[in-house]
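Here are the chains, one letter per residue:
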Amino acid sequence: MKAEDVRAKSDDELNDQLLQLKKEQFNLRFQRASGQLENTARVRTVRRDIARIKTILGERVRSSAAAK
(Lines give C-alpha, C1' and ligand atoms only; values in the text may rest on other atoms or scores of the structure.)
Protein backbone atom coordinates (compact mmCIF):
# COMPACT_ATOMS: atom_id res chain seq x y z
CA MET A 1 0.00 0.00 0.00
CA LYS A 2 1.28 3.42 -0.93
CA ALA A 3 0.71 6.69 0.89
CA GLU A 4 -1.23 8.12 -2.04
CA ASP A 5 -3.62 5.14 -1.85
CA VAL A 6 -4.15 5.86 1.84
CA ARG A 7 -4.72 9.58 1.24
CA ALA A 8 -7.41 8.77 -1.34
CA LYS A 9 -9.55 7.01 1.28
CA SER A 10 -11.95 8.59 3.74
CA ASP A 11 -11.42 8.61 7.51
CA ASP A 12 -14.03 5.89 8.01
CA GLU A 13 -12.39 3.65 5.44
CA LEU A 14 -9.01 4.20 7.05
CA ASN A 15 -10.32 3.38 10.52
CA ASP A 16 -11.90 0.18 9.20
CA GLN A 17 -8.69 -0.80 7.45
CA LEU A 18 -6.67 0.02 10.56
CA LEU A 19 -8.86 -2.27 12.64
CA GLN A 20 -8.50 -5.04 10.07
CA LEU A 21 -4.71 -4.68 9.98
CA LYS A 22 -4.47 -4.77 13.77
CA LYS A 23 -6.45 -8.02 13.81
CA GLU A 24 -4.13 -9.45 11.16
CA GLN A 25 -1.10 -8.33 13.17
CA PHE A 26 -2.51 -10.08 16.24
CA ASN A 27 -2.99 -13.31 14.29
CA LEU A 28 0.49 -13.08 12.78
CA ARG A 29 2.02 -12.73 16.25
CA PHE A 30 0.27 -15.92 17.35
CA GLN A 31 1.37 -17.76 14.23
CA ARG A 32 4.97 -16.67 14.79
CA ALA A 33 4.90 -17.73 18.43
CA SER A 34 3.53 -21.17 17.57
CA GLY A 35 5.94 -21.65 14.65
CA GLN A 36 3.22 -21.69 11.99
CA LEU A 37 4.12 -18.43 10.28
CA GLU A 38 5.15 -19.04 6.67
CA ASN A 39 5.43 -15.51 5.26
CA THR A 40 7.60 -13.68 7.78
CA ALA A 41 7.78 -10.56 5.60
CA ARG A 42 4.04 -10.02 6.08
CA VAL A 43 4.65 -8.99 9.71
CA ARG A 44 6.81 -6.11 8.52
CA THR A 45 4.43 -4.95 5.80
CA VAL A 46 1.43 -5.01 8.15
CA ARG A 47 3.34 -3.02 10.77
CA ARG A 48 4.36 -0.42 8.19
CA ASP A 49 0.83 -0.18 6.76
CA ILE A 50 -0.52 0.46 10.27
CA ALA A 51 2.06 3.21 10.79
CA ARG A 52 1.27 4.72 7.38
CA ILE A 53 -2.47 4.88 8.14
CA LYS A 54 -1.89 6.35 11.60
CA THR A 55 0.40 8.99 10.12
CA ILE A 56 -2.14 10.08 7.53
CA LEU A 57 -4.95 10.18 10.11
CA GLY A 58 -2.74 12.26 12.41
CA GLU A 59 -1.96 14.68 9.61
CA ARG A 60 -5.67 15.12 8.94
CA VAL A 61 -6.41 15.79 12.61
CA ARG A 62 -3.62 18.35 12.87
CA SER A 63 -4.62 20.11 9.66
CA SER A 64 -8.25 20.36 10.75
CA ALA A 65 -7.20 21.70 14.17
CA ALA A 66 -4.96 24.28 12.52
CA ALA A 67 -7.79 25.41 10.25
CA LYS A 68 -10.01 26.31 13.21
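Everything numeric here is computed off the predicted structure, so don't read it as measured data.

(A) Spotlight on the nonpolar core. Judged by nonpolar contacts, Val6, Leu14, Leu18, Leu21, Leu28, Leu37, Val43, Val46, Ile50, Ile53, Ile56 and Leu57 together constitute the single largest core of twelve residues. Listing elements by their share of this core, those giving two or more residues are helix H2 (11–34) and helix H3 (41–67). If one sorts the elements of this core by residue count, H3 sits on top with six residues. Among residues more than four places away in sequence, those in contact with Leu28 are Leu37, Arg42, Val43 and Val46.

(B) Quick look at the environment of Arg7. Take Arg7: it is sitting in helix H1 (residues 3–7). Note on Arg7: relative accessible area 44%, which makes it partly exposed. Taking C-alpha positions, Arg7 is 9.9 Å from Arg52, a pair spaced 45 residues apart along the chain. Those residues within four positions of Arg7 in sequence are excluded, and the remaining contacts are Ile56, Glu59 and Arg60.

Rules behind the numbers
Residue numbers restart at each chain and count upward from 1, following the sequence in its written direction. Residue-level local features of this predicted model are given only where pLDDT is at least 70; pairs of side-chain atoms are given and counted only at 80 or more, and the full residue set underlies all totals for whole chains, interfaces and linings. Each side-chain value is derived from all of the structure's non-hydrogen atoms; neither hydrogens nor water enter the calculation. Nonpolar cores are built from buried Ala, Val, Leu, Ile, Met, Phe, Trp, Tyr and Cys residues. Side-chain atoms within 4.5 Å join them into one set. Relative accessibility decides the category of a residue: with a 1.4 Å probe and only protein chains considered, values under 20% of the type maximum give buried, values over 50% give exposed, and everything between is partly exposed. Put simply, DSSP H or I for four residues or longer makes a helix, DSSP E for two residues or longer makes a strand, and each gets a number counted from the N terminus. Residue contacts are counted whenever heavy atoms from the two residues lie within 4.5 Å of one another.

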